[in-house]
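Architecture and fold: a report
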Amino acid sequence: MATSALGYIVVSSTDLAQWRHFAVSTLGLMEAPAGADGSLRLRIDERPFRIVIQPGAADRFLAAGWEFRDEAALEACCAGLRAAGVAVVDADASDAALRAARLLRRCTDPDGNPLELYVGRSLDYAPFASPHGLSGFVTGDLGMGHVVLPAPQLERTRAFYQQHLGFGDSDQMWLQMSPNPTDPKLGIYFMHAANPRHHSLALMGAPVPSGCVHIMLEAKSLDDVGYALDRCLADNVTISSTLGRHSNDGMVSFYARTPGGFDLEFGCYGLQPDWSTWVPTTSLIPDLWGHRWTPPA
Ligand SMILES: [Fe+2]
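The numbering scheme is per chain: residues are counted from 1 as the chain's sequence reads. Given that this is a predicted model, residues contribute local features only at a pLDDT of at least 70 and side-chain atom pairs are listed and counted only at 80 or more, while totals for whole chains, interfaces and linings are drawn from all residues. In computing side-chain properties, one takes all heavy atoms of the structure into account and sets aside hydrogens as well as water.

1. What about the domain arrangement of the protein chain?
Domain start and stop points were drawn from an automatic or database domain assignment. As far as domains go, the protein chain holds domain 1 (5–119) and domain 2 (144–290). The C-alpha-based centres of domain 1 and domain 2 are spaced at 20 Å. Counting residues at the interface gives 36 residues for domain 1, matched by 39 residues for domain 2. When two components associate, each loses some accessible surface as probed by a 1.4 Å sphere; the sum of these losses over both components is called the buried area. When residues of domain 1 are sorted by the area they lose upon contact with domain 2, Leu27, Pro110 and Asp111 head the list and together hold 20% of the total. Should a side-chain nitrogen of Lys or Arg be within 4 Å of a carboxyl oxygen of Asp or Glu, the pair is scored as a salt bridge. The interface formed by domain 1 and domain 2 holds zero salt bridges in total. Side-chain atoms alone can form a polar contact between residues adjacent in sequence; in general such a contact is a pair of N or O atoms within 3.5 Å, and within protein one must be able to donate a hydrogen while the other accepts it. At the surface where domain 1 touches domain 2, the tally comes to 11 residue pairs in polar contact (both at pLDDT 80 or more). Residues are grouped as follows: nonpolar covers Ala, Val, Leu, Ile, Met, Phe, Trp, Tyr, Cys and Pro; charged covers Asp, Glu, Lys and Arg; every other residue, Gly included, is treated as polar. Considering only residue class, the side of domain 1 that touches domain 2 consists of 23 nonpolar, eight polar and five charged. The contact definition used throughout considers only heavy atoms, calling two residues in contact when any of these lie within 4.5 Å.

So, in C-alpha coordinates, the structure goes:
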(Lines give C-alpha, C1' and ligand atoms only; values in the text may rest on other atoms or scores of the structure.)
Protein backbone atom coordinates (compact mmCIF):
# COMPACT_ATOMS: atom_id res chain seq x y z
CA MET A 1 0.00 0.00 0.00
CA ALA A 2 1.38 3.37 -0.98
CA THR A 3 2.60 6.04 1.38
CA SER A 4 0.33 9.08 1.08
CA ALA A 5 2.78 11.88 1.80
CA LEU A 6 5.72 13.17 3.79
CA GLY A 7 4.02 14.21 7.03
CA TYR A 8 6.79 15.65 9.15
CA ILE A 9 10.50 15.49 9.93
CA VAL A 10 12.26 15.01 13.28
CA VAL A 11 15.55 16.74 14.11
CA SER A 12 17.90 16.52 17.09
CA SER A 13 19.35 19.77 18.43
CA THR A 14 21.83 20.84 21.09
CA ASP A 15 20.44 24.38 20.96
CA LEU A 16 16.71 24.85 20.43
CA ALA A 17 17.11 28.64 20.56
CA GLN A 18 19.32 28.50 17.48
CA TRP A 19 16.66 26.56 15.59
CA ARG A 20 13.92 28.92 16.82
CA HIS A 21 15.86 31.91 15.53
CA PHE A 22 16.51 30.30 12.15
CA ALA A 23 13.05 28.85 11.54
CA VAL A 24 10.80 31.44 13.16
CA SER A 25 12.69 34.75 13.24
CA THR A 26 14.48 34.33 9.92
CA LEU A 27 12.37 32.03 7.72
CA GLY A 28 8.98 33.00 9.17
CA LEU A 29 7.61 29.60 10.22
CA MET A 30 5.08 29.52 13.06
CA GLU A 31 6.07 28.24 16.48
CA ALA A 32 3.52 25.81 17.94
CA PRO A 33 3.16 24.97 21.64
CA ALA A 34 6.14 22.88 22.81
CA GLY A 35 5.86 19.10 22.87
CA ALA A 36 5.52 17.19 26.14
CA ASP A 37 9.18 16.18 25.70
CA GLY A 38 10.27 19.82 25.49
CA SER A 39 10.61 19.75 21.72
CA LEU A 40 10.33 22.84 19.54
CA ARG A 41 7.46 22.33 17.11
CA LEU A 42 7.09 24.33 13.90
CA ARG A 43 3.95 24.81 11.86
CA ILE A 44 3.59 25.68 8.18
CA ASP A 45 -0.12 24.83 7.77
CA GLU A 46 -3.08 23.43 9.71
CA ARG A 47 -1.12 20.46 11.06
CA PRO A 48 0.06 20.69 14.68
CA PHE A 49 3.65 20.68 13.38
CA ARG A 50 5.62 19.70 10.31
CA ILE A 51 9.09 20.03 11.85
CA VAL A 52 9.84 18.85 15.38
CA ILE A 53 13.19 19.71 16.97
CA GLN A 54 14.01 17.46 19.91
CA PRO A 55 16.60 18.39 22.54
CA GLY A 56 19.53 16.02 21.99
CA ALA A 57 23.26 15.44 22.18
CA ALA A 58 23.85 16.13 18.47
CA ASP A 59 22.72 18.49 15.74
CA ARG A 60 21.34 16.23 13.04
CA PHE A 61 18.36 14.89 11.16
CA LEU A 62 16.58 12.09 13.02
CA ALA A 63 13.64 10.75 11.01
CA ALA A 64 11.12 11.27 8.23
CA GLY A 65 7.46 10.78 9.16
CA TRP A 66 5.44 9.09 6.38
CA GLU A 67 1.68 9.37 6.41
CA PHE A 68 -0.76 6.60 5.42
CA ARG A 69 -4.35 7.09 4.41
CA ASP A 70 -5.79 4.61 6.88
CA GLU A 71 -4.95 1.85 9.31
CA ALA A 72 -5.32 -0.89 6.68
CA ALA A 73 -2.71 0.80 4.47
CA LEU A 74 -0.31 1.20 7.39
CA GLU A 75 -0.74 -2.37 8.61
CA ALA A 76 -0.34 -3.78 5.08
CA CYS A 77 2.91 -1.87 4.71
CA CYS A 78 4.18 -3.06 8.11
CA ALA A 79 3.18 -6.68 7.38
CA GLY A 80 5.17 -6.53 4.14
CA LEU A 81 8.18 -5.06 5.93
CA ARG A 82 8.09 -7.74 8.64
CA ALA A 83 7.70 -10.52 6.05
CA ALA A 84 10.87 -9.18 4.39
CA GLY A 85 12.72 -9.35 7.72
CA VAL A 86 12.64 -5.62 8.50
CA ALA A 87 12.31 -4.87 12.24
CA VAL A 88 9.18 -2.73 12.77
CA VAL A 89 8.60 -1.31 16.25
CA ASP A 90 5.11 -0.38 17.44
CA ALA A 91 5.27 2.91 19.33
CA ASP A 92 3.07 3.10 22.43
CA ALA A 93 0.20 5.57 22.75
CA SER A 94 2.20 8.24 24.58
CA ASP A 95 4.97 8.03 22.00
CA ALA A 96 2.45 8.33 19.15
CA ALA A 97 0.87 11.29 20.95
CA LEU A 98 4.20 13.15 20.74
CA ARG A 99 3.73 13.01 16.96
CA ALA A 100 0.01 13.88 17.23
CA ALA A 101 -0.66 10.51 15.56
CA ARG A 102 -3.09 7.72 16.43
CA LEU A 103 -0.85 4.82 15.40
CA LEU A 104 2.92 5.04 14.95
CA ARG A 105 5.45 2.44 13.76
CA ARG A 106 9.20 2.79 13.32
CA CYS A 107 11.80 1.08 11.13
CA THR A 108 14.91 1.91 9.12
CA ASP A 109 15.66 1.60 5.42
CA PRO A 110 18.63 -0.48 4.17
CA ASP A 111 20.94 2.54 4.54
CA GLY A 112 19.86 3.09 8.15
CA ASN A 113 17.65 6.13 7.56
CA PRO A 114 14.94 6.05 10.27
CA LEU A 115 11.29 6.10 9.17
CA GLU A 116 8.21 6.82 11.23
CA LEU A 117 5.02 5.41 9.69
CA TYR A 118 1.72 6.69 11.00
CA VAL A 119 -2.00 7.27 10.58
CA GLY A 120 -4.55 9.47 12.24
CA ARG A 121 -2.71 12.72 12.69
CA SER A 122 -4.72 15.46 14.32
CA LEU A 123 -5.24 19.02 13.07
CA ASP A 124 -4.60 22.33 14.78
CA TYR A 125 -7.65 24.46 14.11
CA ALA A 126 -5.86 27.76 14.71
CA PRO A 127 -5.00 29.31 11.34
CA PHE A 128 -1.38 29.33 10.20
CA ALA A 129 0.07 32.73 11.00
CA SER A 130 3.61 33.57 9.98
CA PRO A 131 5.56 36.13 12.03
CA HIS A 132 6.74 37.55 8.68
CA GLY A 133 3.38 37.41 6.93
CA LEU A 134 4.20 34.48 4.63
CA SER A 135 1.16 33.70 2.53
CA GLY A 136 1.50 30.00 3.35
CA PHE A 137 2.89 26.75 2.00
CA VAL A 138 1.75 24.22 -0.59
CA THR A 139 0.82 21.23 1.58
CA GLY A 140 -2.59 19.53 1.99
CA ASP A 141 -2.69 16.21 0.12
CA LEU A 142 0.85 16.92 -1.12
CA GLY A 143 2.32 16.67 2.37
CA MET A 144 4.88 18.97 3.95
CA GLY A 145 7.38 19.00 1.07
CA HIS A 146 10.21 16.64 0.25
CA VAL A 147 13.24 15.12 1.89
CA VAL A 148 16.50 13.98 0.27
CA LEU A 149 18.24 11.19 2.17
CA PRO A 150 21.70 9.61 1.93
CA ALA A 151 21.66 6.17 0.33
CA PRO A 152 25.10 4.71 -0.38
CA GLN A 153 23.29 1.43 -1.19
CA LEU A 154 21.32 3.34 -3.78
CA GLU A 155 19.65 0.52 -5.73
CA ARG A 156 18.81 -1.52 -2.64
CA THR A 157 17.29 1.44 -0.81
CA ARG A 158 15.36 2.56 -3.90
CA ALA A 159 13.89 -0.96 -4.13
CA PHE A 160 12.93 -0.80 -0.43
CA TYR A 161 10.84 2.35 -0.95
CA GLN A 162 9.32 1.00 -4.15
CA GLN A 163 8.41 -2.45 -2.86
CA HIS A 164 7.41 -1.72 0.72
CA LEU A 165 6.20 1.88 0.74
CA GLY A 166 4.75 2.08 -2.74
CA PHE A 167 6.90 4.94 -4.05
CA GLY A 168 7.08 5.44 -7.81
CA ASP A 169 9.93 6.77 -9.93
CA SER A 170 9.67 10.40 -11.03
CA ASP A 171 13.14 11.18 -12.35
CA GLN A 172 16.78 10.24 -11.98
CA MET A 173 20.03 12.18 -12.31
CA TRP A 174 23.61 11.03 -12.71
CA LEU A 175 26.06 13.81 -11.86
CA GLN A 176 29.77 13.89 -12.67
CA MET A 177 31.20 15.28 -9.43
CA SER A 178 34.92 15.08 -10.29
CA PRO A 179 36.94 16.44 -13.22
CA ASN A 180 37.79 12.87 -14.30
CA PRO A 181 35.02 11.68 -16.64
CA THR A 182 35.86 8.05 -15.94
CA ASP A 183 35.03 8.43 -12.21
CA PRO A 184 31.65 6.98 -11.16
CA LYS A 185 28.76 9.42 -11.34
CA LEU A 186 26.67 10.34 -8.33
CA GLY A 187 23.15 8.97 -8.70
CA ILE A 188 20.00 10.61 -7.34
CA TYR A 189 16.56 8.96 -7.57
CA PHE A 190 13.50 11.20 -7.27
CA MET A 191 10.40 9.33 -6.10
CA HIS A 192 6.76 10.22 -5.60
CA ALA A 193 4.29 9.10 -2.98
CA ALA A 194 0.54 8.77 -3.66
CA ASN A 195 0.06 12.49 -4.26
CA PRO A 196 0.84 14.89 -7.13
CA ARG A 197 4.07 16.38 -5.74
CA HIS A 198 6.91 15.62 -8.20
CA HIS A 199 8.93 13.97 -5.44
CA SER A 200 8.33 13.53 -1.74
CA LEU A 201 11.58 11.58 -1.42
CA ALA A 202 14.91 11.60 -3.19
CA LEU A 203 17.81 9.24 -2.53
CA MET A 204 21.41 10.33 -3.11
CA GLY A 205 24.04 7.62 -3.47
CA ALA A 206 26.53 8.94 -0.91
CA PRO A 207 26.84 9.14 2.90
CA VAL A 208 25.92 12.42 4.65
CA PRO A 209 27.05 12.97 8.29
CA SER A 210 23.98 15.02 9.27
CA GLY A 211 21.64 12.22 8.14
CA CYS A 212 19.95 14.34 5.47
CA VAL A 213 20.92 16.11 2.25
CA HIS A 214 18.07 18.61 2.44
CA ILE A 215 14.41 19.12 3.16
CA MET A 216 12.15 21.27 0.97
CA LEU A 217 9.30 23.59 1.88
CA GLU A 218 7.19 24.97 -0.99
CA ALA A 219 5.93 28.52 -0.50
CA LYS A 220 2.77 29.73 -2.21
CA SER A 221 4.46 32.69 -3.86
CA LEU A 222 7.76 33.75 -5.41
CA ASP A 223 7.72 36.87 -3.25
CA ASP A 224 7.66 34.70 -0.11
CA VAL A 225 10.80 32.96 -1.43
CA GLY A 226 12.54 36.25 -2.25
CA TYR A 227 11.72 37.87 1.07
CA ALA A 228 12.91 34.74 2.92
CA LEU A 229 16.18 34.86 0.97
CA ASP A 230 16.66 38.51 1.91
CA ARG A 231 16.06 37.71 5.60
CA CYS A 232 18.57 34.83 5.46
CA LEU A 233 21.18 37.16 3.93
CA ALA A 234 20.44 39.85 6.54
CA ASP A 235 20.82 37.29 9.36
CA ASN A 236 24.08 35.89 7.94
CA VAL A 237 22.59 32.44 7.39
CA THR A 238 24.84 30.34 5.16
CA ILE A 239 23.27 30.26 1.69
CA SER A 240 24.31 26.82 0.43
CA SER A 241 22.92 27.58 -3.00
CA THR A 242 21.82 30.76 -4.72
CA LEU A 243 18.37 31.13 -6.26
CA GLY A 244 17.83 28.82 -9.23
CA ARG A 245 15.35 26.61 -11.04
CA HIS A 246 15.62 22.82 -11.06
CA SER A 247 15.34 21.03 -14.36
CA ASN A 248 13.19 18.14 -13.13
CA ASP A 249 10.52 19.51 -10.77
CA GLY A 250 10.74 23.14 -11.96
CA MET A 251 11.21 24.38 -8.40
CA VAL A 252 12.50 27.95 -8.10
CA SER A 253 14.42 27.89 -4.84
CA PHE A 254 17.41 28.71 -2.73
CA TYR A 255 19.10 26.53 -0.11
CA ALA A 256 19.92 27.68 3.42
CA ARG A 257 22.04 25.74 5.90
CA THR A 258 20.00 24.74 8.95
CA PRO A 259 21.41 24.44 12.49
CA GLY A 260 20.98 20.68 11.96
CA GLY A 261 23.87 20.58 9.49
CA PHE A 262 21.66 19.84 6.48
CA ASP A 263 20.09 22.26 4.00
CA LEU A 264 16.58 23.60 3.74
CA GLU A 265 15.36 24.26 0.20
CA PHE A 266 12.87 27.12 0.21
CA GLY A 267 11.05 27.22 -3.10
CA CYS A 268 7.91 27.63 -5.15
CA TYR A 269 6.36 26.53 -8.48
CA GLY A 270 6.98 22.77 -7.98
CA LEU A 271 5.65 20.49 -10.71
CA GLN A 272 2.59 18.31 -10.01
CA PRO A 273 2.53 15.57 -12.68
CA ASP A 274 -0.42 13.32 -13.53
CA TRP A 275 1.01 9.93 -12.51
CA SER A 276 -1.44 8.03 -14.70
CA THR A 277 0.34 9.36 -17.80
CA TRP A 278 3.80 10.27 -16.47
CA VAL A 279 6.84 8.54 -17.93
CA PRO A 280 9.81 8.68 -15.51
CA THR A 281 12.56 10.92 -16.86
CA THR A 282 16.35 11.09 -16.67
CA SER A 283 17.59 14.65 -16.19
CA LEU A 284 20.89 15.48 -17.86
CA ILE A 285 21.40 18.70 -15.89
CA PRO A 286 20.27 19.56 -12.34
CA ASP A 287 19.22 23.15 -13.06
CA LEU A 288 17.89 25.35 -15.84
CA TRP A 289 19.53 28.40 -14.30
CA GLY A 290 21.11 29.53 -11.03
CA HIS A 291 21.71 27.26 -8.02
CA ARG A 292 25.36 28.11 -7.58
CA TRP A 293 26.61 26.03 -4.65
CA THR A 294 28.83 27.28 -1.85
CA PRO A 295 31.75 24.88 -1.33
CA PRO A 296 31.59 23.15 2.10
CA ALA A 297 33.51 25.02 4.83
FE1 LIG B 1 14.97 19.51 -3.36
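Additional details are given in the paragraphs that follow.
2. As for the coordination of the iron ion
Octahedral metal centres with six donors ideally show angles of 90 or 180 degrees, and tetrahedral centres with four donors ideally show 109.5 degrees. His146 (NE2), His214 (NE2) and Glu265 (OE) make up the full set of protein donors to the iron ion, lying at 2.0 to 2.2 Å. With relative accessibility at 2%, the residue histidine 146 sits in the buried group. Coordinating donors are taken to be N, O and S atoms lying within 2.8 Å of the metal, or within 3.2 Å when the metal is Na, K or Ca; because water is excluded from the atom set, some sites may appear incomplete. We call a residue buried when its accessible area falls under 20% of the maximum for its residue type, exposed when it is over 50%, and partly exposed in between, using a 1.4 Å probe and counting protein chains only.

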